[in-house]
Amino acid sequence: MRRRLLIGLTAASVLTAATACGSSDSGGPDEAGSSGGTTTVTVGLIPIVDVAPLYLGRQKGFFGERGLKLDFSSAQGGAAIVPGVASGQFEFGFSNMTSLMIAQSNNVPVKAVANGIASTGEVGDDFEALTVRGDSPVKSAKDLEGKKVAINTLKNINETAVRASVRKAGGDPDKVELVELAFDQMPAALDGGRIDAAMVVEPALATIKSQGGREIASPMIDIAPELTVAMYFTSVEYARENPEVVKKFQEATAESLAYADSHPDEVREIVTTYTKIPADVLAKVTLPKWPAEPNRAALEELAELGARDGLFKQTPDLDELLP
């Protein structure tokens, strides 16, 4: 088996893992709420389309109206953001649900507090896809046996998704070599032949398509229709000690999600402020869904697949993890 996995992850290693964080972005017009004083919170994010609602919410003053000032810090994936939140480096973070389940199964005290994103549920028209070069001989996920496939971080939702697609196509996911690569590095690596396939999300997906790449599967949909892919979270300790801040963050995030879902043009515009994707490519980006609530049934299916793939030390407790 060529999968490069680190099965023996412990709670201690999660807490001390490198956070791979970039520089903090503290810009934005948020001002103190009328209740007096401004609370500054740092949020660990991935520079992808998924988190556009928080950038919009900060710009529109949804957080400032509630006395919150957001500082953003970039990371490669949820698996890197989790230890930052658990150790107190970030007050809040954005993570795929598998990484949150893995953390909880390793007794890392994290708590989801607000919904993040969901799949569109439309095969071939989702914000994510398993992609290959236009001239690749790979026709389906089954053909990825013996091939090198890039995901942003190992042991996260994208690993489960790739394995689900390979399995659904009749292949053996254990014969696929999964390698870590940041989303924004995948288009060049795929175009240059350094990888055989890439599990990407927007805006990297639009870039790959602009290079002539093509989709061979919609892995998130292969897990479950309208899958809740990621959520915003905090540590159990922070939630216990700062319930009012958490409540304000939840309210502002909910308003931001609703605004983003109904203003797609503004979503595309705000994405240009934190990614380098060209405007002409961005116009072709497929946006995810930003529903108010997570899809519990889909998350139960995700947990079952994660357990099947041996990602958890113990069964995740969704009642404890979800808000």
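In the block above lies the structure referred to throughout.
Let us look at the structure shown here. (Residues numbered from 1 in each chain as written. Predicted model: local features only at pLDDT ≥ 70, side-chain atom pairs only at ≥ 80, totals over all residues. Heavy atoms only, no water.)

For the rest of this paragraph, the subject is the nonpolar core. Side chains that are nonpolar tend, in soluble globular proteins, to be buried together. Ranked by internal contacts, the top residues of the largest apolar core, which has 108 residues, are Ile223 and Phe249. Looking at this core, the element that brings in the most residues is helix H10 (residues 243–262), giving seven residues. Excluding anything up to four places from it in sequence, Phe249 contacts Val43, Leu54, Phe63, Leu68, Leu70, Phe92, Val113 and Tyr232. (Core = buried A, V, L, I, M, F, W, Y, C linked by side-chain atoms within 4.5 Å. Buried < 20%, exposed > 50% of the residue type's maximum accessible area, 1.4 Å probe, protein only. Helix = DSSP H or I, 4+ residues; strand = E, 2+ residues; numbered from the N terminus. Contact = heavy atoms within 4.5 Å.)

Running from amino to carboxyl end, helix H5 (residues 157–168) crosses helix H13 (residues 296–308) at an angle of 85°, the nearest separation of the two axes being 10 Å. What the angle tells us is that H5 and H13 run roughly perpendicular. Across from Ile157, Thr160, Ala164 and Arg167 in H5, the residues of H13 making contact are Leu302, Leu305, Gly306 and Arg308. Class assignment of the residues belonging to the contact of H5 with H13 gives a composition of four nonpolar, two polar and two charged. (Axes fitted to C-alpha atoms, helices over the stretch in contact; angles between N-to-C directions. Parallel < 35°, antiparallel > 145°, perpendicular 65-115°, else oblique. Nonpolar A, V, L, I, M, F, W, Y, C, P; charged D, E, K, R; others polar.)

Moving on to the environment of Ile48. Tracing the chain through its elements places Ile48 in the loop between strand E2 (39–45) and helix H2 (52–60). Separated by 28 residues in the primary sequence, Ile48 and Gln76 place their C-alpha atoms 9.9 Å from one another. Not counting chain neighbours up to four residues away, the residues in contact with Ile48 comprise Phe183, Val201, Glu202, Pro203 and Tyr274.

Turning our eyes to something else, we now look at the packing of aromatic side chains. Taken as a whole and judged by the stated rule, the model has eight aromatic pairs. Three or more aromatic residues link up through ring pairs in this structure, and these residues are Phe63, Phe92, Phe94, Tyr232, Tyr238 and Phe249. (Phe/Tyr/Trp six-rings, centres within 6.5 Å; stacked < 30°, edge-to-face > 60°.)

Read across the open sheet, the five strands follow the order E8-E7-E9-E6-E10; overall the sheet is mixed. Because the sheet does not close on itself, it has two edges, and the strands there are strand E8 (177–180) and strand E10 (214–217). Direction aside, neighbouring strands of the sheet carry axes that sit 35° apart on average. Relative to the sheet, H5 contacts strand E6 (128–132), strand E7 (148–151), E8, strand E9 (197–201) and E10, its axis offset from that of E7 by approximately 140°. (Pairing = 2+ DSSP bridges.)

Here we take up the pairing of strand E4 (residues 92–96). Most of E4 sits out of view: five of its five residues are buried. Residues Phe92, Phe94 and Asn96 point to one face of E4 and Gly93 and Ser95 to the other, with burial holding for every one of them. Here E2 runs beside E4; their pairing, made up of two bridges, is parallel. Paired with Val43 across the two strands is Phe92, which belongs to E4. Bridge analysis of E4 against strand E11 (residues 228–235) gives four bridges, and the strand direction is antiparallel. Residue pairing across strands places Ser95 opposite Met231, the latter belonging to E11.

In short, shape yes, function no, at least from these values alone.
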